[in-house]
Amino acid sequence: MSTVTWIGLGHMGAPMSANLVKAGHDVRGFDLSEPAMAAAREGGVQTFATMKEALEGAEVVITMLPKGEHSRAVYLGEDGVFALAPKDALLVDSSTIDVATAEDLHRAAAEAGFAFVDAPVSGGISGAAAGTLTFMIGGEEDPARRAATVVEPMAGRVVHTGAAGTGQAAKIVNNMMLFICLEACSEGSVLADRLGLDPKVFWEIASVSSGNSWALQTWYPVPGMTESAAANNNFDATFSATLAAKDIGLALAAGEQTDVNLPAARLVAERFQELIDEGLADKDCSLIAKYAAPDGTI
Ligand code: NAD
């Protein structure tokens, strides 16, 4: 069993790190937020007041941070992971970030003598709690193989996607498809309601029909349909509008760089921005369903 330092103990990091504890690893955690550290302690993570202390004796470092700028802040600089972690530690960035930042971190890791992989995940907080996430690992063969072994207690599937940054590329495209499916569920749920359909009857039909999707099974924006949906909890975030706007923005930027037309993604990006403009940035991204209703009531 290994000593694992975990940085970023939020919605995903807390349940993921708890699964490493359950598997017998010694997990040392750090987060800027004290409530996040308190939640992680409940899962058996030992927390520390500074990242420096959390990194002591690390054999593996896993980061689960919001955006590329946070990964840069945590890895680079005088007080960063590259400066403070033991040189033989394997470094795993599971945050969803832009490919360019991931590639920069790979380069900086190599210069500092570290084995590093980008390893974003799919599966939401329900998959994080159940230990069934899909890991998309970009990087060289040997660190990718070592990372696959470490993440196994948190994973349903681990895929080595190829060279540095390809894990992020796969994740960005996957999430773009997820958010387009979420918009489809949003429009579908409101139209079904306005056509007088019982929501449970319609959800059950769609879930075994061609309208099915992961978004329908997991995030359907109507209370009482699917256990893991934020709709059951007044749209308190399982995946915040801020993070969804970030991810769809990464897809749009990648589309611009590669000259690909992404009209559906652009429309969903506008929906997330509307939530943010309304002061609902911290609510769940599935609240975009309200924009399908003429009066905003769902
Ligand atoms: P979150 O905002 O709940 O958690 C991120 C945590 O990072 C916060 O607790 C924050 O305090 C901490 N943090 C930020 N800067 C830090 C720093 N410098 N040092 C230490 N801690 C720092 O976000 P989340 O929902 O857990 O998502 C994390 C990442 O996983 C994001 O990139 C997201 O896109 C991705 N993701 C999220 C989901 C989901 O369903 N929530 C699913 C798959 C992937």
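Residues numbered from 1 in each chain as written. Predicted model: local features only at pLDDT ≥ 70, side-chain atom pairs only at ≥ 80, totals over all residues.

S.K.: Account for the packing of helix 12 (residues 241-258) against helix 13 (residues 263-277), with residues named and values stated.
M.R.: The relative placement of two packed helices comes down to the angle between their axes together with the axis-to-axis distance. At a closest axis distance of 9 Å, the pairing of helix 12 and helix 13 adopts a crossing angle of 150°. Here helix 12 lies roughly antiparallel to helix 13, going by the angle between them. For the element pair helix 12 and helix 13, the recorded crossing hand is left-handed. Here helix 12 contributes Ala241, Thr242, Ala244, Ala245, Ile248, Gly249, Ala251 and Leu252 to the contact with helix 13, which in turn contributes Ala265, Arg266, Val268, Ala269, Phe272, Gln273, Leu275 and Ile276. Here the residues of the contact of helix 12 with helix 13 are counted per class, giving 12 nonpolar, three polar and one charged. (Axes fitted to C-alpha atoms, helices over the stretch in contact; angles between N-to-C directions. Helix = DSSP H or I, 4+ residues; strand = E, 2+ residues; numbered from the N terminus. Parallel < 35°, antiparallel > 145°, perpendicular 65-115°, else oblique. Left-handed = near helix turned anticlockwise from the far one by under 90°. Contact = placed C-beta atoms within 7 Å. Nonpolar A, V, L, I, M, F, W, Y, C, P; charged D, E, K, R; others polar.)

S.K.: I'd like a description of unusual backbone geometry, backed by residues and values.
M.R.: For Phe235, which is not glycine, the phi dihedral falls at a positive 60°. Mapped onto the elements, Phe235 comes out in the loop between helix 11 (214-219) and helix 12. Residue Phe235 is classed as buried on the basis of its 23 C-beta neighbours within 10 Å. Its identity as a non-glycine residue notwithstanding, Asp259 has a phi of 65°, on the positive side. (Buried ≥ 20, exposed ≤ 12 C-beta atoms within 10 Å, placed from the backbone.)

S.K.: An account of the UniProt feature "domain: 6-phosphogluconate dehydrogenase NADP-binding" (unreviewed entry) in the chain is needed here, citing residue identities and associated values.
M.R.: In the numbering used here, UniProt assigns the feature "domain: 6-phosphogluconate dehydrogenase NADP-binding" (unreviewed entry) to residues 4-162. With 42% helix and 25% strand, the stretch residues 4-162 has end C-alpha atoms that lie 24 Å from each other. (UniProt positions renumbered as here; feature names shortened; annotations may be inferred.)

S.K.: Quick rundown of the pairing of strand 9 (residues 155-162)? Include the residues and the values.
M.R.: Moving residue by residue along a regular strand, the side chains alternate between the two faces of the sheet. Of the strand pairs in this sheet, strand 8 (residues 133-138) and strand 9 are connected by six bridges, and their pairing is parallel. By the bridge assignment for strand 9, Phe135 is matched with Val158. (Pairing = 2+ DSSP bridges.)

S.K.: Tell me about the domain arrangement of the chain, residues and numbers included.
M.R.: Partitioning the chain into structural domains gives domain 1 (3-163) and domain 2 (169-292). Computed over C-alpha atoms, the centres of domain 1 and domain 2 are 27 Å apart. In terms of residue count, helix 7 (residues 124-130) provides more of the side of domain 1 that touches domain 2 than any other element does, three residues in total. Residue composition of the side of domain 1 that touches domain 2, grouped by class: five nonpolar, six polar and two charged. (Domains from an automatic or database assignment.)

S.K.: Describe helix 6 (residues 99-112), naming the residues involved and giving the relevant values.
M.R.: A rise of 1.5 Å per residue sets the reference length of helix 6, with its 14 residues, at 20 Å; its end C-alpha atoms lie 20 Å apart and thus fit the reference within 8%. Of the positions making up helix 6, those classed as buried are Val99, Thr101, Ala102, Leu105, His106 and Ala109. The buried residues of helix 6 occupy an angular sector of 160° when projected down its axis, which confines them to one face. Turned more than 90 degrees away from the buried face of helix 6 sit Arg107 and Glu111, all of them exposed. Note on helix 6: the residue one or two positions beyond its end, Gly113, has a positive phi of about 85°. (Expected span 1.5 Å × (residues − 1). Arc of directions from axis to C-beta.)

S.K.: Tell me about the nonpolar core, and name the residues and values.
M.R.: Grouped together as the largest cluster of nonpolar side chains are 101 residues, with contacts concentrated most on Val61, Leu91, Val92, Ile248 and Phe272. A domain split of this core shows at least three residues from each of domain 1 (3-163) and domain 2 (169-292). In this structure, Leu91 is in contact with Val61, Val81, Ala85, Ala109, Phe114, Ala115 and Phe116, ignoring residues within four places of it in sequence. (Core = buried A, V, L, I, M, F, W, Y, C linked by C-beta atoms within 7 Å.)

S.K.: How would you explain the packing of helix 4 (residues 68-75) against helix 6 if you had to name every residue and give the values?
M.R.: Axis separation between helix 4 and helix 6 bottoms out at 10 Å; the angle between their running directions is 15°. Classified by the angle their axes make, helix 4 and helix 6 are roughly parallel. Taken as a pair, helix 4 and helix 6 cross one another with a handedness that is left-handed. On helix 6, the residues that touch Gly68, Ser71, Arg72 and Tyr75 of helix 4 are Thr101, Leu105 and Ala108. When grouped by side-chain class, the residues that make up the contact of helix 4 with helix 6 number three nonpolar, three polar and one charged.

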